[in-house]
Amino acid sequence: MAKARSVFFCQNCGAQSSKWVGKCPNCGEWNTYVEEVIHKEKKEREAYSITSDKPHLISDIIPGNTLRIPMPDRELNRVLGGGLVQGSLVLFGGEPGIGKSTLLLQIALNMGGLKVLYVSGEESQEQIRMRAERTGMKNKDCYILTETCIQNIFQQAEVLKPQLLIIDSIQTLFTNIIDSTPGSISQVRQCTADLMRYAKTTHVPVFIIGHITKDGTIAGPKVLEHMVDTVLQFEGDTHHIYRLLRTTKNRFGSTNELGIYEMTTGGLREVSNPSEVLISVRDEPVSGVSIAAITEGVRPLLIETQALVSTAAYGTPQRSSTGYDLRRLSMLLAVLEKRCGFRLASKDVFLNIAGGIKVEDPAADLAVVSAILSSGEEVPISPKYCFAGEIGLSGEIRPVNRIDQRVAEAEKMGFEQIFISRYNKKEIPKSTHIKVQMVGKMEEFFNLLFA
């Protein structure tokens, strides 16, 4: 006989309870518990199970060579840590319409000499074919399967024996051993566990696309991110053409890498030199614009910082920031007011990071302050200047890491002068041809900048 039981799951964190509760004791959210009926046959087993083994001493284990599959996409190769590891399970998340399916379909169509199975539970075969013609079809061994039952997918994979499996998306899959709707907590968890066993048993790498919630987190239980080997986050503003690929978890590489793409009519294009495309070209200097030398992970970038300072219209000043932390902007304005004597309390301050990217590197502080003062005083900054420094609460300019890479990137892009903290002096390479201005206090910085 079949065994059926009713279980309540928290839709926010995935916690499980035998009865309904109003407030989740795990995450503290209210009214998130939903009842799901789990129907399980005794004869039903998971599609794949890992062979049992006995314990071994760690010193007796022979280290093996972790084989990586080189990807045709250099940006994805960088983010994954040098290639796709065989038998790895990669979770790919992002907002609707950001380009998740397009990017993975491009990967499938450009994996020459590799048999790829692309499973879609959201689109028909004709729709995928139309998108493939737009992005360009190069891999003749790319197979398309429109299926949502995990057992049927494994049956087709047993016959086809692909070398790469792509699932679009995990929220559309369901397993026969659980009686609940696709996308529920129990279905997402069980299907991911089956895919993980399949990847580890057959050594076939698996990409799975995951939807995100309105808060920007990947939908489903938090255990979903713990089960997979790598979590990739595809970010960007749908109104801008640039997309950022970040790693939030990677068992086989660094989580400090960043991939940059440009959305075009023919799909996503790799951006090999992001500093060149993120900086606007102008015929003459404009006030309120400065260039920041930041790093995204271990990758140096030059970005354009734009500021507008004007008199408050209704007596209450506005503080608006796009691509930059608003609380940090308020802190920098307080430092300028308290330590440097600039009267900005009655001014509207608007800040924008060009290109639609988000900056978290504190080294952008110096460029932000420069752009604000340039707009407030109506004094343009030379387009050949760039900045890299963190500002402390006492008005000092603090050192930042990887200053040698920032200076090298500025020199490569043709800048003539870079402003940094004097405490980074020992890290500047001697072969640098760009002029390096070292400052320690804000007053000294202003005298050099607006002399």
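This text gives an overview of the structure that appears in the document.

Here is what the cut-offs are and how they apply
- Residues numbered from 1 in each chain as written.
- Predicted model: local features only at pLDDT ≥ 70, side-chain atom pairs only at ≥ 80, totals over all residues.
- Heavy atoms only, no water.
- Pairing = 2+ DSSP bridges.
- Helix = DSSP H or I, 4+ residues; strand = E, 2+ residues; numbered from the N terminus.
- Axes fitted to C-alpha atoms, helices over the stretch in contact; angles between N-to-C directions.
- Phe/Tyr/Trp six-rings, centres within 6.5 Å; stacked < 30°, edge-to-face > 60°.
- Buried < 20%, exposed > 50% of the residue type's maximum accessible area, 1.4 Å probe, protein only.
- Salt bridge = Lys/Arg side-chain N within 4 Å of Asp/Glu carboxyl O.
- Polar contact = N/O pair within 3.5 Å; in protein donor to acceptor, adjacent residues only side chain to side chain.
- Contact = heavy atoms within 4.5 Å.
- Right-handed = clockwise from strand over helix to strand, strands pointing away.

1. Concerning the sheet that holds strand S14 (residues 267–270)
Ordered by their spatial adjacency, nine strands build an open sheet running S8-S7-S9-S10-S6-S11-S12-S13-S14, and the pairing between neighbours is mixed. Unpaired on one side and paired on the other, strand S8 (142–146) and S14 mark the two borders of the sheet. Sheet twist, expressed as the mean angle between neighbouring strand axes with direction ignored, is 25°. Of the strand pairs in this sheet, strand S11 (residues 230–235) and strand S12 (residues 242–250) are connected by six bridges, and their pairing is antiparallel. In the strand pairing of S12, valine 231 is matched with lysine 249.

2. Observations regarding the packing of aromatic side chains
Two descriptors summarise a pair of aromatic rings, namely the distance from one centre to the other and the angle between the planes of the rings. Counted by the stated rule, this structure contains nine aromatic pairs. The interplanar angle of 85° and the centroid separation of 5.2 Å between the aromatic rings of phenylalanine 342 and phenylalanine 446 together place this pair among those described as edge-to-face. Taken together, the residues phenylalanine 342 in the loop between helix H8 (326–338) and strand S18 (347–353) and phenylalanine 446 in helix H11 (residues 442–449) connect sequence positions 104 residues apart. Here the aromatic rings of phenylalanine 445 and phenylalanine 446 are separated by 5.7 Å at their centres, their planes lie at 55°, and the arrangement is tilted. For phenylalanine 445, a relative accessible area of 0% translates into the label buried. By way of ring pairs, the aromatic residues Phe342, Tyr385, Phe387, Phe419, Phe445 and Phe446 are connected into one cluster.

3. Let's talk about the pattern of salt bridges
Evaluation of the coordinates by the stated rule reveals 19 salt bridges. Salt-bridge contacts for glutamate 270 lead to arginine 74; the nearest nitrogen and oxygen are separated by 3.2 Å. Remark: arginine 74 occurs in helix H1 (residues 74–80) and glutamate 270 occurs in strand S14; sequence separation between them is 196 residues. Taking the relative accessible area as the measure of exposure, arginine 74 reaches 56% and is therefore exposed. Note that aspartate 325 is salt-bridged to arginine 327, the shortest N-O span being 3.9 Å. On the basis of relative accessibility, which here comes to 37%, the residue aspartate 325 falls in the partly exposed class. One salt-bridge network, in which partners are shared between bridges, spans Glu75, Arg78 and Arg299.

4. Let's talk about the environment of leucine 224
For leucine 224, the position within the fold is in helix H6 (residues 223–227). Judged by relative accessible area, which is 1%, leucine 224 ranks as buried. Sequence spacing of leucine 224 and valine 159 is 65 residues, and the spatial spacing of their C-alpha atoms is 28 Å.

5. Thoughts on the side chain of arginine 246
Structurally, arginine 246 is set in strand S12. At 2.8 Å, the side chain of arginine 246 forms a polar contact with the side chain of glutamate 235. Within the structure, the side chain of arginine 246 is placed 2.8 Å from the side chain of glutamate 296, a separation counted as a polar contact. If we skip the residues at most four places from it in the chain, arginine 246 touches Val79, Val231, Leu232, Gln233, Glu235, Glu257, Leu258, Glu296 and Lys358.

6. Looking at helix H2 (residues 100–110)
Counting buried positions along H2 gives 10 out of 11 residues, so the element sits mostly inside the fold. Along H2, the residues classified as buried are Lys100, Ser101, Thr102, Leu103, Leu104, Leu105, Gln106, Ile107, Ala108 and Leu109.

7. Some details on the pairing of S8
Two elements, strand S7 (residues 116–120) and S8, share five bridges in a ladder whose sense is parallel. Pairing of leucine 117 across the sheet is with tyrosine 143, part of S8. In terms of handedness, the path from S7 via helix H3 (residues 125–135) over to S8 forms a crossover that is right-handed.

8. Quick look at the environment of serine 310
Relative to the helices and strands, serine 310 resides in strand S16 (residues 299–311). Classification of serine 310 by relative accessible area gives partly exposed; the value is 28%. In this structure, the C-alpha to C-alpha distance between serine 310 and leucine 332, residues 22 residues apart in sequence, is 17 Å. Residues contacting serine 310, with those up to four places away along its chain left out, are Lys347, Asp348 and Phe350.

So yeah, pure geometry; function would need other evidence.
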